[in-house]
Amino acid sequence: MAPSSTISNIAPLQLVWFLYDVAAEIPTHTLFLIFVSLVGLAFGLIYIVLHIVAPKPRLPYPSEKTYITTNPDGTISKPRPLPCWYDRWHAESRLKEQSSLSTASYPTIPAGFPVPDFGTVEPAEVELSVVIPAYNEADRLIPTLQEMVAYLDENFGRPVTSGPGSRPTSKGTGTPKPHRNVFKDASAHKRQHPPSGYEILLVNDGSTDRTVDVALDFSRQHNLHDILRIVTLEKNRGKGGGVTHGLRHVRGEYAVFADADGASRFGDLGKLIEGCEDVVDGSNRGVAIGSRAHLVGSEAVVKRSAVRNFLMRSFHFVLMILTPPATSRIRDTQCGFKLFSRAALPHIVPYMHTEGWIFDIEMLMLAESAPATPVLASDGSVIGTSYGIKVAEVPIGWHEVDGSKMNLVKDSVKMAIGLAVLRASWMLGVYRRRLA
């Protein structure tokens, strides 16, 4: 046994020396070419693998571009066409690929500076759109809607009549007024009725329970006719897919998505609007996200299991390594309470690929990599360029809610793998900012 053991230990060492001797006889430039070829081959294989495994969102079915709501008499409406700013944006973007933008409409912008594009997004019809992704949420939906509607009624008001063209009643004083929307097009100034009021888009992600029935009953009881709109996806897409689908169809000046479990305090929406306006740029682009980072060490977090807290910290560590600088500095990327200005949506939503749990991270990465926009002085002149869409991280109230559908260990591993695939796909060009 001893001789064979000795041979097995010596053989690898002899192989190493043999390869070293062979390499020593090869010219340096040849070795360099071999090394570059191997690296290129490795990147090529990774690129091919990413094309195979990277998530690719499916196109919506025709029925998913309709919604139902309740009628004033309590009946359920027939499917109605769902407004979609994305379709018009896509069509106009295709046309604009054949022509170049000009600074003629913006005399204060020097040649060479980026020009904000306003013609691609339809004007807002309401002040706020709320998107709620829901999968089998019949048991948790009612408290969330109650808190949400009470706050929205007080601060935004409702339309006097339902249906297109309706105008909302006067609203309370709780809604912060925009103070940096400085780069509007001429049509915005001519509008006699600025957007006000709200809508709620409940995206039913293939639920098998009574989620839709519960929502319709709530709509009847609270007279939310054509305010609470229910969109049903024929096949489950995941939370990210549901949120992205909803954001493609919002009509609001602001769009916020909130989890159906009501874990985030919806009354903190005003803080998100203020945070968004604090970072909005010259093209009205801004994002504000709810954050639970200030709760670390609090009773709400300490009560969690040690495994959950460990996985949370581990994921945040991986996040810091794999994401670009601005995104890596965000302390809480996964809170299900994020708000976008309408002008920010076309720089984020059309390029979304991830439909699982880590879709939030792709949204933040897309915001960080958004095209540049001019920085304006108080007199409207351009004094510089701002790259990316700024993100405000806003502390909010939050509490644990039972009934989570997330498998702690399994989904944590999936999130880590998904994050690696996401980052590699954007770095190697598998994902790009291009029209489908």
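Conventions we followed
Residues numbered from 1 in each chain as written. Predicted model: local features only at pLDDT ≥ 70, side-chain atom pairs only at ≥ 80, totals over all residues. Heavy atoms only, no water. Helix = DSSP H or I, 4+ residues; strand = E, 2+ residues; numbered from the N terminus. Buried < 20%, exposed > 50% of the residue type's maximum accessible area, 1.4 Å probe, protein only. Contact = heavy atoms within 4.5 Å. Areas by Shrake-Rupley, 256 points an atom, 1.4 Å probe, with all protein chains shown as cover. Phe/Tyr/Trp six-rings, centres within 6.5 Å; stacked < 30°, edge-to-face > 60°. Lys NZ or Arg CZ within 6 Å of the ring centre and 35° of its normal. Pairing = 2+ DSSP bridges. Axes fitted to C-alpha atoms, helices over the stretch in contact; angles between N-to-C directions. Core = buried A, V, L, I, M, F, W, Y, C linked by side-chain atoms within 4.5 Å. Salt bridge = Lys/Arg side-chain N within 4 Å of Asp/Glu carboxyl O.

Student: Can you break down the overall build of the protein residue by residue, with the values?
Tutor: If you tally the helices and strands in the protein, you get 13 helices and 11 strands. Taking all 436 residues of the protein together, 45% fall into the buried category. Counting only contacts in the protein whose residues sit at least 6 apart along the sequence, the fraction spanning at least 24 positions is 78%. When the accessible area of the protein is evaluated, it comes to approximately 22,100 Å², of which 61% is carbon and sulfur surface.

Student: Explain the packing of aromatic side chains to me, and be specific about the residues and the numbers.
Tutor: Here the structure, examined in full by the defined rule, presents 8 aromatic pairs. Through successive ring pairs, a cluster of aromatic residues spans W85, Y86, W89 and Y351. Geometry around W398 places R292 over its ring, the cationic atom sitting 5.4 Å from the centre.

Student: Please set out the side chain of T354 residue by residue, giving values where relevant.
Tutor: Inspection of the secondary structure assignment puts T354 in the loop between β8 (337-341) and α12 (359-368). Judged by relative accessible area, T354 falls into the buried class, the value being 7%. Not counting the four nearest positions on each side in its chain, T354 is found in contact with G240, F359, E362 and L422.

Student: Which residues make up the sheet that holds strand β7 (residues 287-291), and what are the values?
Tutor: If you trace the 7 strands from one edge of the open sheet to the other, you get β5-β4-β3-β6-β8-β7-β11, paired in mixed fashion. Strand pairing shows two members of the sheet lacking a second neighbour, β5 (228-232) and β11 (391-395), which therefore form its edges. Each neighbouring strand pair of the sheet contributes to a mean axis angle of 20°, computed without reference to strand direction. Pairing analysis gives 5 bridges linking strand β6 (residues 252-258) to β8, with the strands arranged antiparallel. Residue A255 lies in a different strand from β8, and its bridge partner there is F340.

Student: Would you mind going over the side chain of R251 in detail, with residue names and values included?
Tutor: One can find R251 in the loop between α7 (239-247) and β6. R251 has contacts with P83, A124, E125, V126, S129, E199, R229 and R342, leaving out every residue within four places of it along the chain.

Student: Quick rundown of the nonpolar core? Include the residues and the values.
Tutor: Counting 47 residues, the largest nonpolar core has L247, V250, F340, I348, I361 and M363 as the members making the most contacts within it. Listing elements by their share of this core, those giving two or more residues are α3 (85-96), β4 (198-204), α7, β6, β7, α10 (306-322), α12 and α13 (408-427). For this core, the leading source of residues is α12, giving 7 residues. Each residue touching V250, except ones within four places of it in the same chain, is listed here: W85, S129, V131, E199, L201, A255, R342 and L345. Membership of the second largest hydrophobic core comes to 38 residues, among which are F156, A215, L216 and C276.

Student: Tell me about the pattern of salt bridges, and please be specific about residues and values.
Tutor: All told, the structure shown has 18 salt bridges when counted by the stated rule. Among the ionic pairs, R140 bridges to E137, the shortest N-O distance being 2.9 Å. Grouping residues by exposure puts R140 and E137 together as buried. With a closest N to O distance of 2.8 Å, R158 and D153 form a salt bridge.

Student: Break down the pairing of β7 for me, citing the residues and quoting the values.
Tutor: For β7, a buried count of 5 out of 5 residues is recorded, marking the element as mostly surrounded by other parts of the structure. The alternating pattern of β7 places V287, I289 and S291 on one face and A288 and G290 on the opposite face, and all of these are buried. Note: β7 against β8, 3 bridges, orientation antiparallel. Across the sheet, the residue bridging to I289 is K338, located in β8. With 5 bridges connecting them, β7 and β11 associate as parallel partners. Pairing of S291 across the sheet is with P395, part of β11.

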